[in-house]
Amino acid sequence: MKKTPVFLDSLVTDMLHLRAICPFSWRVFQFRPISCEPLIIQMNKCTDEEQIFDFIERNKAILSEKQVGCAFDMLWKLQKQKTSLLKNVEYVRDHPQFLTLHNLATNKFKLMNDDTLVNVLHITQRFAGESHDPLVEALVTEAWRRLERFDIKLLSEFSSCLADQHLYFSPLMGKIADIVHRNLETTQDLSSLSVLMVNISSLISRHFQQQLVNKTELLFDTIDSSEVNVATRIARFLRNIKYCYQPLLEKCNNVFLSNVDQLDLDSISKIFRLYKFLQFNSFEFIMMAKKKLTEMIPLCNHPASFVKLFVTLGPIAGPEEKKQLKSTLLLMSEDLTGEQALAVLRAMEDMESRNSHLIKRVTSVLHKHLDSYKPLELLKITQALTFLHFQRKEFSAKLRELLLSYLKISFIPTEVSILVYAISLLPSPHLDEVGISRIEAVLPQCNLNNLSNFATSVLRWIQYDHMYLDSITGKQLKLLQKLDHYGRQRLQHSNSLDLLWEELKSVRGNTFPESLLEETIATLQHFVDEINYINVVEIASFISNTDYLSTLLLDRIASVAVQQIEKIHPFTILAIILPFSTLNYDPPQRDEFFGTCVQHLNSYLGILDPLMLVCLGFSLATLQYFPEDLLKSIFNIEFLARLDSQLEILSSSLSARVQFHLMELNRSICLECPEFQIPWFHDRFCQQYNKDFECILDKRKKPLPYGSHNIAWGQLPEMPWESNTEIVGSRLPPGAERIALEFLDSKSFCRNIPHMKGKSAMKKRHLEILGYRVIQISQFEWNSMALSTKDARMDYLRERIFGEVKS
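In this text, all values refer to a predicted model and were calculated from it rather than measured experimentally. (Residues numbered from 1 in each chain as written. Predicted model: local features only at pLDDT ≥ 70, side-chain atom pairs only at ≥ 80, totals over all residues. Heavy atoms only, no water.)

1. With respect to the overall build of the protein
Right, so step 1: Counting secondary structure elements, the protein contains 42 helices and three strands.
Right, so step 2: Considering the protein as a whole, with its 807 residues, one finds that 50% of them fall into the buried category.
Right, so step 3: Contacts in the protein between residues far apart in sequence, at least 24 positions, make up 72% of those at least 6 positions apart.
Right, so step 4: Total accessible area on the protein is roughly 40700 Å²; 53% of this is exposed by carbon and sulfur atoms. (Helix = DSSP H or I, 4+ residues; strand = E, 2+ residues; numbered from the N terminus. Buried < 20%, exposed > 50% of the residue type's maximum accessible area, 1.4 Å probe, protein only. Contact = heavy atoms within 4.5 Å. Areas by Shrake-Rupley, 256 points an atom, 1.4 Å probe, with all protein chains shown as cover.)

Put into structure tokens, the structure is as follows:
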């Protein structure tokens with residue numbers, strides 16, 4: 001028998017001595033391999049889950065924390081390589097060796113480095129079957145402990161893990177927001193920052209939101225033009241904070257345009273949804289995306305993908321594409337899920353498609369799944385079916401019953417307001433005692449948007465009862481008074497414009513009751529000095545919708561535009577001018593204000609959205625402001641061809657409205673600025689006006705036969721532009737005059753004072769240019785007590801038309 005070498009005896013003796021002194025170190029030395037690299041190399045050679053699980057089973061006793069992390073990583077990489085139909089997450093999650101890996105991670109997570117820890121958390125969430133996985137909770141807690149040392153990339157990945165758990169309002173997400181805020185100045189990684197922006201957007205102040213927007217602008221040019229995901233996240237952030245910031249959206253749009261060939265259906269669908277919410281229009285992107293989406297029609301043969309295509313392409317498709325989409329969807333309709341049926345219905349609303357056959361198919365699916373919809377989804381169903389004029393008693397009854405059942409158990413103000421609003425849209429919008437008490441119970445917690453929805457619903461309820469039941473109950477009026485009380489209270493407690501605007505920006509001004517609107521305008525006037533280049537566009541848009549003339553607010557808007565025009569994006573100029581046009585108001589610095597706005601736009605005329613340019617030209621025309629360069633950029637063949645292309649992708653109602661504005665603008669220029677020599681592009685429309693009543697009086701104020709004195713402008717091409725008034729006069733006997741009588745309803749005036757709005761004032765101006773003596777009679781005057789009898793009204797008309805005064 002050979003003797004053991006002396007040096008080996010010595011080595012064994014030393015190792016035994018070391019084991020006695022430090023048993024823990026010996027244990028680590030004994031079970032951990034000298035290098036973990038060979039095992040990781042073996043793992044990387046695995047080509048399927050079974051090989052990885054076999055590897056785990058063989059080596060579970062010696063796997064280090066790094067190798068455990070590698071095993072998780074390999075399992076997830078294999079999943080990402082598969083199509084959605086081939087993914088087998090449940091199989092992996094339920095495998096015995098995945099449980100082994102799970103337990104190893106539970107025992108070793110404190111030894112993991114920061115990157116491995118967050119990566120294991122991310123992958124564990126993807127495989128987790130339980131809503132509260134103990135390993136996930138342990139990993140989150142450990143990451144929270146290490147949070148301050150995470151770099152921005154790791155911080156963004158961890159924030160996404162929290163977002164996956166819907167922890168947007170958690171203290172931990174708040175801590176992340178604080179770290180981002182403290183390190184914002186030195187942050188240079190826009191890709192990671194954009195992830196964080198989306199995830200912390202629900203928690204941050206308006207000031208911090210603006211800081212992030214400014215930082216993103218500074219860093220945007222540092223990213224590669226192919227970074228579609230970064231651009232999409234920035235647009236998502238703007239959507240989350242409800243801020244249509246044009247400069248950033250344009251930068252994002254340029255990225256999308258540069259990469260449109262690489263965009264798939266999911267990406268285009270997300271971008272369209274973001275643009276729709278933010279009311280951002282990119283005609284160029286829509287046209288390029290439309291072409292790509294149209295090519296996908298024959299390729300989408302599965303309900304899920306085809307529904308997404310229908311929803312995305314449908315609203316912008318041409319007649320042939322729409323026909324093809326509808327016919328294909330009819331064949332798939334029986335296979336739709338409840339979620340898909342709702343998506344299709346909302347797309348049909350956007351398309352203004354009242355295809356009865358398709359609506360019946362879709363509503364039959366909706367009916368089958370009606371019990372599974374949440375309150376907001378039920379509101380969307382109700383709104384869409386109301387718009388599409390769908391009426392079926394059985395469906396409406398079931399919908400009403402479901403809304404009422406939700407209302408009885410709901411205690412969240414926003415949810416209650418949604419349910420009440422949906423009920424008010426149904427054929428019989430009544431609420432019982434339980435419904436009324438539910439509204440009253442949540443009123444103290446309601447924001448201004450909730451209160452506005454309630455007021456609209458109650459007024460609709462009152463209108464229905466008055467029309468069909470010829471009665472208005474005291475309960476309805478009492479409820480309106482309470483709404484008014486809580487609305488006033490909330491407005492009076494506002495201490496800054498920023499906080500007030502957080503509530504107002506979701507409210508459409510035309511839905512406010514009169515008294516609440518008056519208090520809202522008074523509150524805005526109180527904060528008038530806080531209106532600046534950041535919020536001026538939003539304030540102007542709100543005022544446009546209210547029809548409430550506040551000269552103080554409009555003067556401030558004009559002043560901000562003149563003084564801070566370089567900080568205002570040119571594409572938002574229309575929104576700033578619109579309240580002045582709508583309400584027919586000239587600020588003190590009229591010419592400077594309009595001139596500054598138009599000058600700011602001039603270099604963008606070639607790229608401005610055609611729809612926006614037409615609306616801008618029309619708005620300025622109502623104000624008798626006619627910038628020649630802007631108008632001539634509209635009335636040329638090239639621009640009108642672009643406009644025609646855009647009209648094809650608009651809904652029929654919006655397309656008709658734009659065409660109407662264009663024709664009105666054409667008429668306005670020809671009548672008020674003949675020196676521009678812009679031709680009548682729309683002869684029949686431009687050269688006649690609809691009037692409630694007209695007649696011709698001779699010089700003795702006696703009526704003349706009308707037919708022989710009618711004017712058709714198209715028959716007089718030889719007459720000079722400058723002699724419009726003389727043309728009319730030349731066709732009448734000497735001393736005769738044309739009378740145009742116009743009855744003006746309440747929509748022709750501002751809501752707070754009897755001041756005529758822009759369109760009515762422009763019509764009067766044009767009729768006078770055409771040689772009419774215009775008599776405009778307001779609804780308030782016609783329905784007054786002084787004109788309550790037929791004889792009084794006849795005397796009034798004689799006086800206004802013939803100048804006769806009853807003795």
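Let's pick the thread back up.
2. Describing empty space enclosed by the protein
Right, so step 1: In the structure shown here, the tally under the stated rule is two cavities of 30 Å³ or more.
Right, so step 2: In this structure, the largest cavity encloses a volume near 70 Å³.
Right, so step 3: In terms of lining, the largest cavity is formed by R206, Q209, Q210, I241, K242, Y243, K505, I534 and E538.
Right, so step 4: Ranked by the residues each element gives to the lining of the largest cavity, the list is headed by helix 13 (residues 206-219), at three residues.
Right, so step 5: Split into classes, the residues belonging to the lining of the largest cavity amount to three nonpolar, two polar and four charged.
Right, so step 6: Estimated volume of the second largest cavity: approximately 50 Å³.
Right, so step 7: Those elements giving two or more residues to the lining of the second largest cavity turn out to be helix 24 (413-425) and helix 26 (448-469).
Right, so step 8: Taken together, the residues of the lining of the second largest cavity break down into seven nonpolar, two polar and no charged. (1 Å grid on protein atoms, 1.4 Å probe; cavity = no way out; pocket = protein on both sides within 12 Å on 5 of 7 lines; lining within 4 Å. Points joined across faces, edges and corners; volume = space filled by probe spheres on them. Nonpolar A, V, L, I, M, F, W, Y, C, P; charged D, E, K, R; others polar.)

3. Quick notes on the sheet that holds strand 1 (residues 693-697)
Right, so step 1: With mixed pairing, three strands are arranged side by side in an open sheet as 1-2-3. Each edge of the open sheet carries a strand with a single partner, namely strand 1 and strand 3 (772-778). Taking the axes of each pair of neighbouring strands and ignoring which way they run, one obtains an average angle of 20° across the sheet.
Right, so step 2: By the bridge criterion, seven bridges tie strand 2 (residues 737-744) to strand 3 in an arrangement that is parallel. Its bridge partner being in strand 3, F743 is matched across the sheet by I777.
Right, so step 3: The strands touched by helix 40 (residues 758-769) are strand 2 and strand 3; relative to strand 3, the strand with the most contacts, the crossing angle is about 155°.
Right, so step 4: Most of the contacts of helix 42 (residues 790-802) go to strand 3, to which it runs at about 150°, and overall it touches strand 1, strand 2 and strand 3. (Pairing = 2+ DSSP bridges. Axes fitted to C-alpha atoms, helices over the stretch in contact; angles between N-to-C directions.)

4. Some remarks on the nonpolar core
Right, so step 1: Among the nonpolar cores identified, the biggest contains 235 residues, and F158, I176, L212, L238, F285, L309 and I381 are the most heavily contacted of them.
Right, so step 2: If sequence neighbours within four positions are ignored, L309 has contacts with L265, L293, M296, I297, C300, G314 and L325.
Right, so step 3: Of all hydrophobic cores here, the second largest spans twelve residues; its members include L741, I777, L797 and I801. (Core = buried A, V, L, I, M, F, W, Y, C linked by side-chain atoms within 4.5 Å.)

5. Some points on unusual backbone geometry
Right, so step 1: In this structure, Q279 is a non-glycine residue whose phi angle is positive, near 55°.
Right, so step 2: Despite not being glycine, Q677 shows a phi value in the positive range, around 55°.
Right, so step 3: Its relative accessible area of 61% is what places Q677 among the exposed residues.

6. Description of the state of the cysteines
Right, so step 1: Going through the model one piece at a time under the given rule, you end up with zero disulfides.
Right, so step 2: C670 provides the cysteine sulfur closest to C673, a residue in no disulfide bond, and the two sulfurs are 9.6 Å apart.
Right, so step 3: Residue class for C673 comes out buried when judged on its relative accessible area of 6%. (Disulfide = S-S within 2.5 Å.)

7. Quick word on the confidence of the model for the protein
Right, so step 1: For the protein, per-residue confidence averages 87 on the pLDDT scale, and 89% of positions sit at 70 or higher.
Right, so step 2: Within the model, the stretch residues 1-36 combines pLDDT values under 50 with 14 contacts to residues more than four positions away or in other chains.
Right, so step 3: For the stretch residues 708-730, pLDDT sits under 50, and the model shows 28 contacts to residues farther than four places along the chain or on other chains. (pLDDT = per-residue confidence, 0-100.)

8. Comments concerning the packing of aromatic side chains
Right, so step 1: With the rule as written, the count across this model stands at 20 aromatic pairs.
Right, so step 2: Arranged with centres 4.7 Å apart and planes meeting at 50°, the rings of F580 and F593 form a pair that is tilted. Linking F580 in helix 32 (residues 573-583) with F593 in helix 33 (residues 590-601), this pair joins segments that are 13 residues apart in sequence. In terms of burial, F580 and F593 fall into one category: buried.
Right, so step 3: Each residue in the set F256, F272, Y275, F280 and F285 is aromatic and connected to the rest through ring pairs, giving one cluster.
Right, so step 4: Its guanidinium or amino end placed over the ring of F387, R354 lies 4.9 Å from that ring's centre, counting from NZ or CZ.
Right, so step 5: Of note, R460 hangs over the ring of Y421, and the distance from its end group to the ring centre comes to 5.1 Å. (Phe/Tyr/Trp six-rings, centres within 6.5 Å; stacked < 30°, edge-to-face > 60°. Lys NZ or Arg CZ within 6 Å of the ring centre and 35° of its normal.)

9. A closer look at the environment of W144
Right, so step 1: Checked against the element boundaries, W144 lands in helix 9 (residues 134-146).
Right, so step 2: Between the C-alpha atom of W144 and that of F158, which follows or precedes it by 14 residues, the distance is 9.4 Å.
Right, so step 3: Beyond its immediate sequence surroundings of up to four residues, W144 is in contact with F158, P171 and L172.

10. Looking at helix 15 (residues 246-258)
Right, so step 1: With 13 residues, helix 15 should reach 18 Å at 1.5 Å per residue; the first-to-last C-alpha distance of 18 Å fits that figure.
Right, so step 2: Residues of helix 15 that are buried: Q246, P247, L248, L249, C252, N253, V255, F256 and L257.
Right, so step 3: Buried residues belonging to helix 15 abut helix 13, helix 14 (228-240), helix 16 (265-278) and helix 17 (283-296). (Expected span 1.5 Å × (residues − 1).)

11. A closer look at the side chain of T216
Right, so step 1: The topology assignment puts T216 in helix 13.
Right, so step 2: Of the polar contacts made by the side chain of T216, one reaches the backbone oxygen of L212; its length is 2.7 Å.
Right, so step 3: For T216, the residues in contact, after removing those within four places along its chain, are L190, M197, I234 and L248. (Polar contact = N/O pair within 3.5 Å; in protein donor to acceptor, adjacent residues only side chain to side chain.)

12. Observations concerning the environment of N636
Right, so step 1: Relative to the helices and strands, N636 resides in the loop between helix 35 (628-634) and helix 36 (637-647).
Right, so step 2: Remark: the alpha-carbon pair of N636 and I678, spanning 42 residues in sequence, is separated by 9.2 Å.

13. Focus on the pattern of salt bridges
Right, so step 1: As enumerated under the stated definition, the model contains 37 salt bridges in all.
Right, so step 2: Notably, a salt bridge pairs R145 with E142, separated by 2.3 Å at the nearest N-O pair. Taken together, the positions of R145 and E142, both in helix 9 and three residues apart, correspond to about one turn of that helix.
Right, so step 3: Overall, the relative accessible area of 60% leaves R145 in the exposed class.
Right, so step 4: Here the salt bridges do not stand alone but share partners, grouping D114, E142, R145, R146 and R149 into one network. (Salt bridge = Lys/Arg side-chain N within 4 Å of Asp/Glu carboxyl O.)

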